[in-house]
Structure formats: structure tokens, C-alpha cells
Amino acid sequence: MNYRPSMNRGDMPAAIRCENVSVRRGKVQAVDDLTVSVPRGSVTGLLGPSGCGKTTLMRAIVGTQKNVSGRIDVLDRPAGIPSLRRDVGYVTQAASVYGDLTVEQNVRYFAQIYGAENGIAEAIDAVDLGSHVDHLAGDLSGGQLNRVSIACALVTRPQLLILDEPTVGLDPVLRADLWQRFKRLTDAGVTLLVSSHVMDEAEHCDELILMRAGGLVAQLPPSELRARTGETNLERAFLALIEGATA
Ligand SMILES: Nc1ncnc2c1ncn2[C@@H]1O[C@H](COP(=O)(O)OP(=O)(O)O)[C@@H](O)[C@H]1O
Ligand SMILES: [Mg+2]
């Protein structure tokens, strides 16, 4: 038996529930009647090509997106309410880290906004930047900078961490390293929702939400995606699902 509690989707309370969520952005239906859920204590990948609505959906979940219809519950509360601010960490695609501040100063800045100064060292440790606290962010590598952004989001000890394309621009080794860190965060009880337009990253996720043109292609674990399509390669499996849906 390959019993994995975090995959027991029927019984696990969801960290995020989206029901019939639609978002109009200008003339575009950026998210189109999406019903998905994010199981607690796992890494859920929000995957699909650029422009399919990943960022818009994340913004809706965090509560920063206008023109959202449908229902979104986050940690059993309506998305966007003030009491969720400390419980939900969000790192945007173009995460802003101040190059002229040190690693510690960057994280402290966020900590002060949320009155969470006692979480600074723990957040920096969680991304292994303890030896770099006094380095200027401007002197760090791309991978280290991404980790500073994540530390800033971790400073309030969120239960849910939402990361928008955190591995973009990283080489394969650093990408794998970051996914390992995500896994470790889930071991500590954090729920992650991570977006990517690179399908092979599906490999690192417990659960997948596959999107295309604002709509849902499927929500399922990678193993089920393979089983359903007969493809071992996840990118081909994704394409096979789309072809099956449009056939
Ligand atoms: N500020 C905006 N105004 C109008 N349309 C937008 C805006 N931002 C994104 N869009 C459109 O919404 C759709 C979804 O975009 P987005 O959520 O950014 O996709 P993804 O993150 O998957 O690349 C796209 O068609 C995009 O062009
Ligand atoms: Mg995006």
C-alpha cells in the first residue's frame, strides 16, 4: 500500500477552495469558471502556458484582484479578509527585494510591516541564508534573491505560501534545490501553491492544477496524469489531456 495522508484528498481539509471563480481583465476572460482546491500540507503546482491566468487566479486567492466572481475560501475564511494577511504569504512574479539593503534588513522590513520581528531568524534559516544575513541583496545571485523574497513571505509564519513562478530564470540545479526547500516547508506543515509555465516542474508537486486559456484542464496528482494519458513525460501528458479535451 502506498498510503500518503497528504494525498488523501477526500478527507483532507482544503487550504484553498475556489468555486466557479471567474475574473474579467479588460476584454479578456482571464479566469473562466474555475473550481479547484488546494489540499493542506502539500505542494500544489498551478501549471499552464503564459497568459493562461495563473497570476490572476493567485491574485484572486490573495485578495488583490478586482472583478472576481464566484467563491474563494482560504483557510476556511473568505479570500482577502484582513485576518488572513499574516496566515498567507505571497511572493509575486517580480518580487521586490531592495538591492541596497542586506538580507537581514530586507526581511526585517517586511517583519516590521506585520509586527513579526520574532520570525526574522527563522525565516532566513528556512531558506538557508543564515550565512548571508549581512550581504547586500544587490550582491546576491538570482537563486539567492528568490530565497530572500521567500524569507520575506515566511516572516509571519504563514500557514499558506503562494509563490508565482519562483523558479523562472534559475538553472536546473537551483530549480531542483528550490523545489526541495518547498518540500521541506510542507514537512513543517506549510501548504504551498506554486505556479510555473514549465511543465516538467509538475514532477515536484503532490497535486497539479492544469490551466489553459483561463479554464481548468484538470486537477490531479502527477501519477494520475501519467495513468490517465499513458504518457510518462509530464509535458506530453499535459498536451495529451488538452488534445483529449478538444477532440
Ligand atoms: N492588467 C491587465 N489588464 C488586462 N488584461 C490583463 C492584465 N494582466 C493580465 N491580463 C490578461 O489576463 C490573462 C491572464 O494573465 P495572467 O494571469 O498574467 O496569466 P499567467 O500568469 O498565466 O501568465 C492574459 O490574457 C493577460 O493578457
Ligand atoms: Mg503570471
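Since the model is a prediction, treat every value here as computed from it, not as a measurement. (Residues numbered from 1 in each chain as written. Chains lettered and ligands numbered in written order. Predicted model: local features only at pLDDT ≥ 70, side-chain atom pairs only at ≥ 80, totals over all residues. Heavy atoms only, no water.)

Summing up its helical and strand segments, the protein chain has 7 helices and 10 strands in all. The C-alpha atoms of the protein chain give 18 Å as radius of gyration, which agrees with the globular expectation for 247 residues (18 Å, within 12%). C-alpha atoms of the protein chain, sized along the principal axes, occupy 55 × 40 × 35 Å. Each of the 247 residues in the protein chain was classed as buried or not, and the buried ones make up 47%. Surface accessibility of the protein chain: about 11800 Å² in total, with carbon and sulfur atoms responsible for 48%. (Helix = DSSP H or I, 4+ residues; strand = E, 2+ residues; numbered from the N terminus. Rg over C-alpha atoms; globule rule 2.2 N^0.38 Å. Buried < 20%, exposed > 50% of the residue type's maximum accessible area, 1.4 Å probe, protein only. Areas by Shrake-Rupley, 256 points an atom, 1.4 Å probe, with all protein chains shown as cover.)

The next subject is the sheet that holds strand S1 (residues 14-25). In space, the 4 strands of this open sheet follow the order S2-S1-S4-S5, with antiparallel pairing throughout. The strands lining the two open edges of the sheet, one partner per strand, are strand S2 (28-39) and strand S5 (77-78). In this structure, strand S4 (residues 68-74) lies alongside S5, joined through 2 bridges in antiparallel fashion. Note that in S5 the partner of Asp 73 across the bridge is Pro 78. Packed onto the sheet, helix H1 (residues 54-62) meets S1, S2 and S4 and runs at close to 120° relative to S1. (Pairing = 2+ DSSP bridges. Contact = heavy atoms within 4.5 Å. Axes fitted to C-alpha atoms, helices over the stretch in contact; angles between N-to-C directions.)

What follows is about the environment of Ile 242. With respect to the element layout, Ile 242 can be found in helix H7 (residues 234-246). In this structure Ile 242 comes out as buried when scored by relative accessible area, which is 11%. The spatial distance from the C-alpha of Ile 242 to the C-alpha of Leu 210 is 9.7 Å, given a sequence separation of 32 residues. In contact with Ile 242, other than residues within four places in its own chain, are Arg 212 and Val 217.

Within the protein, the magnesium ion (ligand 2) binds to Thr 55 (OG1) and Gln 93 (OE1); these donor distances fall in the range 2.0 to 2.5 Å. Here Thr 55 is found in helix H1, whereas its partner Gln 93 is found in the loop between strand S6 (88-91) and helix H2 (103-114), with 38 residues between them in sequence. (Donors = N, O, S within 2.8 Å, 3.2 Å for Na, K, Ca; no water.)

Before going further, it helps to spend a moment on the packing of helix H4 (residues 142-154) against helix H5 (residues 172-187). Packing of H4 against H5 leaves a shortest axis separation of 11 Å and a crossing angle of 20°. The angle between H4 and H5 falls in the class roughly parallel. Crossing hand, H4 versus H5: right-handed. Taking contact as the criterion, the partners of Gly 143, Arg 147, Ile 150 and Leu 154 in H4 are, on H5, Leu 174, Leu 178, Arg 181, Phe 182 and Leu 185. Residue composition of the contact of H4 with H5, by class: 6 nonpolar, 1 polar and 2 charged. (Parallel < 35°, antiparallel > 145°, perpendicular 65-115°, else oblique. Left-handed = near helix turned anticlockwise from the far one by under 90°. Nonpolar A, V, L, I, M, F, W, Y, C, P; charged D, E, K, R; others polar.)

Looking now at the pattern of salt bridges. Within the structure shown, the criterion is met by 14 salt bridges. Residue Asp 73 is joined to Arg 71 by a salt bridge in which the shortest nitrogen-to-oxygen separation is 2.8 Å. Linking Arg 228 and Glu 224 is a salt bridge whose minimum nitrogen-to-oxygen distance equals 3.6 Å. Of this pair, Arg 228 and Glu 224 both sit in helix H6 (residues 222-229), 4 residues apart, which is roughly one turn of that helix. A relative accessible area of 31% places Glu 224 in the partly exposed class. (Salt bridge = Lys/Arg side-chain N within 4 Å of Asp/Glu carboxyl O.)

Our focus in this paragraph is the UniProt feature "domain: ABC transporter" (unreviewed entry) in the protein chain. Following the UniProt record, the feature "domain: ABC transporter" (unreviewed entry) maps to residues 16-238 here. A distance of 23 Å separates the end C-alpha atoms of residues 16-238, which is 31% helix and 28% strand. (UniProt positions renumbered as here; feature names shortened; annotations may be inferred.)

The next subject is the site of ligand 1. Every residue near ligand 1 is listed here: Arg 25, Val 28, Ala 30, Pro 49, Ser 50, Gly 51, Cys 52, Gly 53, Lys 54, Thr 55 and Thr 56. With respect to ligand 1, the backbone of Gly 51 contributes an N or O atom lying 2.6 Å from an oxygen atom. For ligand 1, an oxygen atom lies 3.2 Å from a polar atom in the backbone of Cys 52. In terms of residue count, H1 provides more of the shell around ligand 1 than any other element does, 3 residues in total. Residues that form the shell around ligand 1 fall into these classes: 4 nonpolar, 5 polar and 2 charged. (Near = heavy atom within 4 Å. Polar contact = N/O pair within 3.5 Å; in protein donor to acceptor, adjacent residues only side chain to side chain.)

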